[in-house]
Amino acid sequence: MRSFLSIRLTVMTFWLMAVLSLGSTLPARAQFLPSTNLNGATGLIDMPSGESQPDGYFGLDHGQLAAMGRNTLSFQITPRLSGSFRYMALGNWNRKSCPPDCKGINRFDTYYDRNFDVRFKLLNEGKYLPAVTIGLQDFIGTSLNMAEYIAMTKTFGNRLKVTAGLGFGRMASYGAIGTLVGPRPKVDFGLGGLPNVGQWFRGQAAPFGGIEFKISDKLTLKAEYSSDSYLVESDRREIFTHRSPLNFGIEYQATKALRVGAYSMYGDRIGFNFSILINPALRPLGGVRGPGPLPVRPRPPIAESPEVWTTTWLDQPDAKQRLLDAMNATLDKNELEVEQISVTADTAQVRFRNVNYDAASQAVGRIARAMTHAMPASIETFEIVPMVYGMPTAKVVVRRTDMEALEFAPDAGNAVRARISIAEAGRPLADRLTNTELLPKFKWSLVPYVQTMLFHPRVPIQALYGVRLSANLELSRGFLISAAVNDKWGGKVRSRNRNRVDSAIPAVRSDTAVYLDQGDPALTVLNAVWLGKLAPQLYSRVSIGYLELMFGGIAAEVMWKPVNRRWAIGADLNYVAQRNSDGGLGFDTYDYRVATGFVSGYFDLGKGYEVQLDAGRYLAGDVGATFTLMRTFANGWKIGAFATFTNLSAKQFGEGSFDKGLKFEFPLSWFTGQGTRTILPFTLRPLGRDGGARLNLGNRLIRLVPNYGTYEYDRQAGRFWK
Amino acid sequence: MKLVRSLVLPVALMLAGCGTNRDSTDLEAPIQTVVERFTPAALRQPSLNLLNTNAALSVRAKLEAEGRPTLLVTHPTLRFEGLMSPIGQNAGVVTWASPTGEAVSLRDGMVVASRGFGPDLMSSAGPSTARVQTGTGATRRSYFYLDGADARRAFDFDCTLAKGASGTAYILGKSYATTKVTESCSHPLGSFVNEYWFDNRLILRQSRQAVTLGMESLLVQRIID
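Fair warning: this is a prediction, and the values are worked out from it, not measured in the lab. (Residues numbered from 1 in each chain as written. Chains lettered and ligands numbered in written order. Predicted model: local features only at pLDDT ≥ 70, side-chain atom pairs only at ≥ 80, totals over all residues. Heavy atoms only, no water.)

### Regarding helix 3 (residues 53-66) of chain B
Since the α-helix advances by 3.6 residues per turn, residues separated by three or four positions end up pointing in the same direction.
Residue and element names in this part refer to chain B.
Phase 1: The end-to-end C-alpha distance of helix 3, which contains 14 residues, comes to 20 Å, matching closely the 20 Å that a straight helix rising 1.5 Å per residue would cover.
Phase 2: Residues of helix 3 that are buried: Ala56, Arg60 and Leu63. Around the axis of helix 3, the buried residues are gathered within 60° of arc, so they sit on the same side. Among the exposed residues of helix 3, those pointing more than 90 degrees away from its buried face are Asn54, Lys62 and Ala65.
Phase 3: On its buried face, helix 3 is in contact with strand 2 (70-75), strand 3 (80-90), strand 9 (152-171), strand 10 (174-187) and strand 13 (218-224). (Helix = DSSP H or I, 4+ residues; strand = E, 2+ residues; numbered from the N terminus. Expected span 1.5 Å × (residues − 1). Buried < 20%, exposed > 50% of the residue type's maximum accessible area, 1.4 Å probe, protein only. Arc of directions from axis to C-beta. Contact = heavy atoms within 4.5 Å.)

Laid out in structure tokens, this is it:
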């Protein structure tokens, strides 16, 4: 369904929100922050520098030199390690050679290329020592831009930075001074997708360098000596003419996150750079905005009003119904829904659904405050149990006395967290009442959608658009029926003609474009899902039906997730058949059935890093494992990468050698400042093929359950009083 | 089919983003944000602080007829102005809220917390109103916030009180003889000045109090006691 790119938001929406977010994502103080070059790497104009961006920062860059455009996503993975993905468009590629030679690589008017970079800061800048960074540019695959470098940058005062470096590969194509390690073998990239280790730091080396001078908080002058001769682009392709190694330019810091630059490049052209730098960790608008909570209602002192503290209310036959009604009266059902209450003389347990709060602590805090209004004075202990489709996920225990005493205490967030306990949900109290009005529940939505496919060699951005009608009927606790239909209104996508390289490998994903194109309208999902708990902390899911656009069948999953642990273990087993590409109900076109399954481990490494390992059998019948590393932020941002290695050879897999890509999750609340649980996922695959493919399933347990564990709660514990 | 779609298109676009499924991608919130950001000030509700005397007195008369204690609260940076009424009291702190959900919690007129503004003052510690009223000496304030990553941020300020000149405060068409006190607070990262106007009954009639660091102070005006 999403072999190249999965995107659930419109591109326009993302950019709209990105632009709205500009302005307050960087520290308020005017600093001489590191800037980026035309490659989107931290650096000068075309050359890198020894600096790095602040930890966790996420960059979007567009650099333009003549007909050459470079679009780069960069991420500062750790304080020292950063990575970039670049998509280059080299215009006028065949102007010199075609005609007469219009074959092979010369058939392209514009040649598109993908680059991966990685950089590591060896040394932080000190009083006397410069910042030192070692980097690999375009180090995987065809490596048109392949280069390695070591760069040093020293700041003098508040206005001047000086950079000097030594480049290899492409960065030694002008002014080389000799060889350090040995000759540089020619790149044999084969099917691509693999690092060209044999070339790194070999062959000629050439110096480069430059200066940055900050003339005001907004303006910076840059000058550099470049060691890149643009041999291919200038001499062979004549996209522009390299006349000089010197580049000069000026950059304007338009907002705290947006920077633009214009440069005189290589004595021939004017180059431009447009750079957005975002700190995902901090919402640009600060805290999440939304109606304030109901304040705590304190109980009168028992000495003054002993009648309020009696437990005679327990004898009333409709006591629980009245308590349930009182809870519902104080809560907005669009945000929180009470599923069940159970009580004793001094303890009340509320099981609830969090409809809208992106922070578990905020949902718990609001329930706790509502309980101070609804529950009789004799109830001292509040047990608050977040439910997900009928599955109790944890139990947060709060003392009412603490609520009353700490509401306006200094540092109230920390103070109340110290008194709260979080444990396995356990069972409800003996005397309980379920909210019968909650189910069955029908939800629907009608939203526009854009389905994109990227990186086709001739049309790098292809898109379909239309409307998606989704419906979700929850008939009873944990049993729901989901359906979604896409109605295409326009656009066209076509697959890469080399997508399927080995007819022995089932076309489980290489026909994605056919499905997208022919499915009009397309029933993307129609399935029944059972969710439940088999034992304490052991969750289960079974899905039957049309599971996704390309497959239908049965999918079962279990996951063990202890509340107070940083890890979870899961397993899934699926038997599916490939659907017809017309988006209808049939399974006969491909006549392909397969059993797939995985054992999965999920580990929260702390400090914002999560690892996932899935090992098992994939859709094409290949066997292997997927390794995913994500950097996570408390507010919901996730940025990471994955790679899948199976028993398919690189030749069987095809171009790219193995499945890999980047994964992003953008919380909508970050952009809008409004409370919402909507997450916008985005998966970027340089090449999508049949090897290493998995089912695209909704309601995976790992996405539903862990939000209420201790560690997840504590990431946003301060939101309890929000 | 194309004709059907061309007829359906406008309706679908109107419905786009509609539904009851709050978990799905919807554009309602971002669109609302855009509308709020780009709505010219002139098209918003006229400020109660800018009403002429007759109009202001008319509003005041309506509020007095309702008989509820009322504050007029203005957050200039967030372009918020609203009337607030008490919705709860705990440990001597009264929480006042607007109909749209913004709220401030005051201990005898001193802001101790805010909610519903986004970058809220989560909790605080500071001098009592009686202490501020003296208009002399040093005080200390502690403010607690959540940053954009929901991490706790604490700031301690050293403050100095000073008496200002007596004067008249005009609040929604009515004038009050007041005595002004200023509280100048500093921190290595920045400073602010709180201003307090006490009336003849020593009620804190009007104040400008720092709530969100880096933003303009919150203006709190007591309209109906």
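Next comes the rest of the account.
### Focus on helix 6 (residues 412-419) of chain A
Phase 1: Three or more residues of helix 6 of chain A are buried, namely Ala412, Gly413, Val416 and Arg417 of chain A. Looking down the long axis of helix 6 of chain A, one finds its buried residues gathered within 130° of arc, a one-sided arrangement.
Phase 2: Those residues of helix 6 of chain A that are buried are in contact with helix 5 (400-406), strand 20 (421-423) and helix 11 (710-715) of chain A together with strand 7 (123-125) of chain B.

### Details of the state of the cysteines
Two cysteines whose sulfur atoms are joined by a covalent bond form what is called a disulfide.
Phase 1: Within the structure shown, the criterion is met by two disulfides over all chains.
Phase 2: Disulfide partner of cysteine 98 of chain A: cysteine 102 of chain A, at an S-S distance of 1.8 Å. Residues cysteine 98 of chain A and cysteine 102 of chain A share a disulfide whose torsion about the S-S bond is about 95°; that sign makes it right-handed.
Phase 3: For cysteine 102 of chain A, a relative accessible area of 31% gives the class partly exposed.
Phase 4: Covalently, cysteine 159 of chain B is tied to cysteine 185 of chain B through a disulfide, its sulfur atoms 2.2 Å apart. Handedness here is read from the sign of the S-S torsion; for cysteine 159 of chain B and cysteine 185 of chain B, about 110°, the answer is right-handed. Remark: cysteine 185 of chain B occurs in strand 10 and cysteine 159 of chain B occurs in strand 9; sequence separation between them is 26 residues.
Phase 5: The exposure class of cysteine 185 of chain B is buried, given its relative accessible area of 2%. (Disulfide = S-S within 2.5 Å.)

### Some details on the domain arrangement of chain A
All names here are of chain A.
Phase 1: Under the domain assignment used here, chain A contains domain 1 (17-278), domain 2 (306-438) and domain 3 (441-711).
Phase 2: When each unit is reduced to the centre of its C-alpha atoms, the spacing between domain 1 and domain 3 is 34 Å.
Phase 3: Counting from both sides, the interface comprises 25 residues of domain 1 and, opposite them, 27 residues of domain 3.
Phase 4: Of the roughly 2,200 Å² buried at the junction of domain 1 and domain 3 (both faces included), carbon and sulfur atoms supply 71%.
Phase 5: Where domain 1 meets domain 3, there are one salt bridge.
Phase 6: Across the domain 1-domain 3 interface, the total number found is three residue pairs in polar contact (both at pLDDT 80 or more).
Phase 7: Considered class by class, the residues forming the side of domain 1 that touches domain 3 number 14 nonpolar, eight polar and three charged. (Domains from an automatic or database assignment. Buried area = accessible area lost by both parts, 1.4 Å probe. Salt bridge = Lys/Arg side-chain N within 4 Å of Asp/Glu carboxyl O. Polar contact = N/O pair within 3.5 Å; in protein donor to acceptor, adjacent residues only side chain to side chain. Nonpolar A, V, L, I, M, F, W, Y, C, P; charged D, E, K, R; others polar.)

### Describing the side chain of histidine 373 of chain A
Residue and element names in this part refer to chain A.
Phase 1: Within the element layout of this structure, histidine 373 appears in helix 4 (residues 360-374).
Phase 2: Residue histidine 373 is classed as buried on the basis of its relative accessible area, which comes to 19%.
Phase 3: Engagement of the side chain of histidine 373 in a polar contact is seen with the backbone oxygen of proline 295, the distance being 2.7 Å.
Phase 4: Once residues lying within four places of it in the same chain are set aside, the contact partners of histidine 373 are Leu294, Pro295, Val296, Arg297 and Thr330.

### Some remarks on empty space enclosed by the protein
A probe matching the size of a water molecule, rolled over the atoms, marks out where space remains unfilled.
Phase 1: The final tally for this structure, using the stated rule, is twelve cavities of 30 Å³ or more.
Phase 2: Roughly 120 Å³ of internal volume is contained in the largest cavity.
Phase 3: Every element with two or more residues in the lining of the largest cavity is listed here: strand 5 (103-107) and strand 6 (110-115) of chain B.
Phase 4: Across the lining of the largest cavity, the residue classes break down as eight nonpolar, three polar and three charged.
Phase 5: As a volume, the second largest cavity reaches approximately 100 Å³.
Phase 6: Forming the walls of the second largest cavity are twelve residues, and the residues nearest its centre are Pro34, Ser35, Gln253, Arg259 and Leu277 of chain A.
Phase 7: Of the residues contributing to the lining of the second largest cavity, the split by class is five nonpolar, five polar and two charged. (1 Å grid on protein atoms, 1.4 Å probe; cavity = no way out; pocket = protein on both sides within 12 Å on 5 of 7 lines; lining within 4 Å. Points joined across faces, edges and corners; volume = space filled by probe spheres on them.)

### Some details on the confidence of the model for chain B
Residue and element names in this part refer to chain B.
Phase 1: For chain B, the mean per-residue pLDDT works out to 84, and 80% of the residues sit at or above 70.
Phase 2: Overall, residues 10-16 carries pLDDT values under 50, and its contacts beyond four positions in sequence, including any with other chains, amount to five contacts.
Phase 3: A low-confidence stretch, residues 22-43 (pLDDT under 50), is modelled with 38 contacts involving residues beyond four sequence positions or located in other chains. (pLDDT = per-residue confidence, 0-100.)

### Structural notes on the packing of helix 3 (residues 319-330) of chain A against helix 4 of chain A
Residues and elements named next belong to chain A.
Phase 1: Two elements in contact, helix 3 and helix 4, have axes whose closest approach is 9 Å; the angle formed by their N-to-C orientations is 130°. It follows from the interaxial angle that helix 3 and helix 4 lie oblique. Here the hand of the crossing between helix 3 and helix 4 comes out right-handed. Taken together, the residues of helix 4 that come into contact with helix 3 (itself represented by Leu323, Ala326, Met327 and Thr330) are Ile367, Ala370, Met371, His373 and Ala374.
Phase 2: Of the residues that constitute the contact of helix 3 with helix 4, the class distribution is seven nonpolar, two polar and no charged. (Axes fitted to C-alpha atoms, helices over the stretch in contact; angles between N-to-C directions. Parallel < 35°, antiparallel > 145°, perpendicular 65-115°, else oblique. Left-handed = near helix turned anticlockwise from the far one by under 90°.)

### Description of the sheet that holds strand 2 of chain B
All names here are of chain B.
Phase 1: Taking strand neighbours across the sheet as the criterion, the twelve strands line up as 6-5-4-3-2-13-12-11-10-9-8-7 in an open arrangement whose pairing is antiparallel. Of all strands in the sheet, those bounded by a partner on one side alone are strand 6 and strand 7. The average undirected angle you get between the axes of adjacent strands in this sheet is 30°.
Phase 2: Taken together, the five bridges between strand 2 and strand 13 define a ladder with antiparallel strand orientation. Each bridged residue has a counterpart across the sheet, and for threonine 74 the counterpart in strand 13 is leucine 219.
Phase 3: Against the sheet, helix 3 touches strand 2, strand 3, strand 9, strand 10 and strand 13, its axis set at about 65° to strand 13. (Pairing = 2+ DSSP bridges.)

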